[in-house]
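What follows is each chain in one-letter form.
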Amino acid sequence: MQAYNLTHLKELESEAIYVIREVASQFENPVLLFSGGKDSIVCAHLAKKAFFPAKIPFSLMHVDTGHNFPETIEFRDKFVKELGVNLIVASVQDSIDQGKVAEEKGYSASRNGLQTVTLLEGIETNKFDAAMGGARRDEEKARAKERFFSHRDEFGQWDPKNQRPELWNIFNGMKNYGENFRVFPISNWTEMDVWQYILAEKIELPSLYFSHQRDCFIRDGVVMYATDVIERRDSEKVEKMQVRFRTIGDMTCTGAVFSDADSLEKIIEEVAATRTTERGTRSDDKRSEAAMEDRKKQGYF
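My aim in this report is to walk through the structure given alongside it, one point at a time. (Residues numbered from 1 in each chain as written. Predicted model: local features only at pLDDT ≥ 70, side-chain atom pairs only at ≥ 80, totals over all residues. Heavy atoms only, no water.)

Focus on the packing of helix H6 (residues 191-201) against helix H7 (residues 264-273)
To be explicit about the condition: For helices, the fitted axis covers only the stretch in contact; all axes are lines through C-alpha atoms, and the angles between them, taken along N-to-C directions, range from 0 to 180 degrees. Here a strand is any run of E in DSSP of at least two residues, a helix any run of H or I of at least four, and the numbering for each starts at the N terminus. We call two directions roughly parallel when the angle between them is under 35 degrees, roughly antiparallel when it is over 145, roughly perpendicular when it lies between 65 and 115, and oblique otherwise. Crossing handedness is defined as follows: a turn of the near helix away from the far one that is anticlockwise and smaller than a right angle gives a left-handed crossing, while the clockwise case is right-handed. We call two residues in contact when some of their heavy atoms are within 4.5 Å.
H7 packs onto H6 with a crossing angle of 165° between their chain directions and a minimal axis gap of 10 Å. Judged by the angle between their axes, H6 and H7 are roughly antiparallel. By crossing handedness, the relation of H6 to H7 is classed as left-handed. Facing H6, whose interface residues are Glu191, Met192, Trp195, Gln196, Ile198 and Leu199, H7 presents Leu264, Glu265, Ile267, Ile268, Val271 and Ala272.

Digging into the pairing of strand S5 (residues 149-152)
This is how the line gets drawn: Summary of the burial criterion: residues with accessible area below 20% of their type's maximum are buried, those above 50% are exposed, and those between are partly exposed, where the area comes from a 1.4 Å probe applied to protein chains only. Only when DSSP finds a minimum of two bridges between them are two strands counted as paired.
Residues of S5 alternate between two faces, with Phe149 and His151 on one and Ser150 and Arg152 on the opposite face, all of them buried. Both S5 and strand S6 (residues 180-183) contribute to a ladder of four bridges, which runs antiparallel. In the sheet register, serine 150 faces S6, and the bridge partner there is arginine 182.

A closer look at the environment of histidine 62
Considering the arrangement of structural elements, one finds histidine 62 in strand S2 (residues 59-64). Looking at histidine 62, the relative accessible area reads 2%, which means it is buried. Sequence separation of histidine 62 and leucine 119 is 57 residues, and the distance between their C-alpha atoms is 8.8 Å. With sequence-adjacent residues up to four places away left out, histidine 62 is seen in contact with Phe34, Ser35, Asn68, Ile73, Arg76, Leu87, Ile88, Val89 and Ala90.

Digging into unusual backbone geometry
Keep in mind that most residues, glycine aside, have a negative phi and that most peptide bonds are trans. A cis amide bond, omega 10°, links phenylalanine 52 with the succeeding residue proline 53. Within the element layout of this structure, proline 53 appears in the loop between helix H2 (38-51) and S2. Positive phi, close to 55°, is recorded for lysine 202, a residue that is not glycine. Of note, lysine 202 is situated in the loop between H6 and strand S7 (212-219). In the Ramachandran plot, aspartate 220 falls in the positive-phi region, its phi being about 50° despite a non-glycine side chain.

Keep in mind these numbers describe shape, not what the thing actually does.
Below, the structure written as structure tokens:
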């Protein structure tokens with residue numbers, strides 16, 4: 001049975017397109033945050049469908065940590081060129097060089113948390129009043145608190161106790177000068193929905209999502225990619241492993257899973273059977289019980 005025959009996928013697609021069109025109508029200068037991961041790729045695909053045959057009427061922005069997987073950057077550039085949209089790259093390395101953030105040191109060092117400053121600066125510099133992204137409520141408990149239209153104050157910060165009602169999908173984009181919104185068009189989607197939709201729409205993805213051989217090591221039960229940007233302990237031995245990635249983020253905090261799933265159909269079967277959450281391979285989420293919520297309050301996506 002083809003995934004597109006599932007009625008709920010058509011309903012989710014319709015809802016997401018409605019949200020994207022609402023953003024285009026209510027805001028003067030929106031942007032779509034694009035990481036090169038499957039969720040942001042789906043959002044870009046939905047934006048293309050929302051305005052077809054016209055072009056997408058807003059730019060894409062990638063917050064580049066400088067430690068992204070090479071396959072992600074290669075795919076990003078190819079995807080954006082084919083889509084025919086403007087790409088803005090906000091660089092964490094630039095933030096480090098300018099002394100706006102301090103790079104972490106040690107075995108657990110990661111640039112993932114540094115993205116917040118770079119993101120907020122990118123929004124401020126380009127005067128974006130709404131930033132769309134592919135976050136979903138099922139990913140993490142802090143993200144489950146978000147509305148479709150998530151208000152941010154003049155400092156780019158989020159107050160989970162002060163959100164606006166969205167009865168009957170009526171979205172309130174009213175804001176004061178300097179404030180902005182984060183918008184989540186696929187908020188009601190699950191990881192399974194995303195994969196079924198990708199299969200149905202024949203959406204191309206980076207090769208990292210599919211099973212392949214890679215040099216990896218085990219750290220605290222997580223399979224990590226053996227790259228020069230990750231400092232390893234003497235006990236962390238590098239071996240060839242058959243893995244794939246469920247999320248694609250900064251190499252320093254994104255773990256892989258052992259897998260033989262080399263096709264979309266096999267990935268869907270694997271996701272249906274797994275008991276581990278999608279972000280269970282993200283070491284940055286394990287720094288504290290409220291790691292994600294704390295970062296979101298500071299301005300993280």
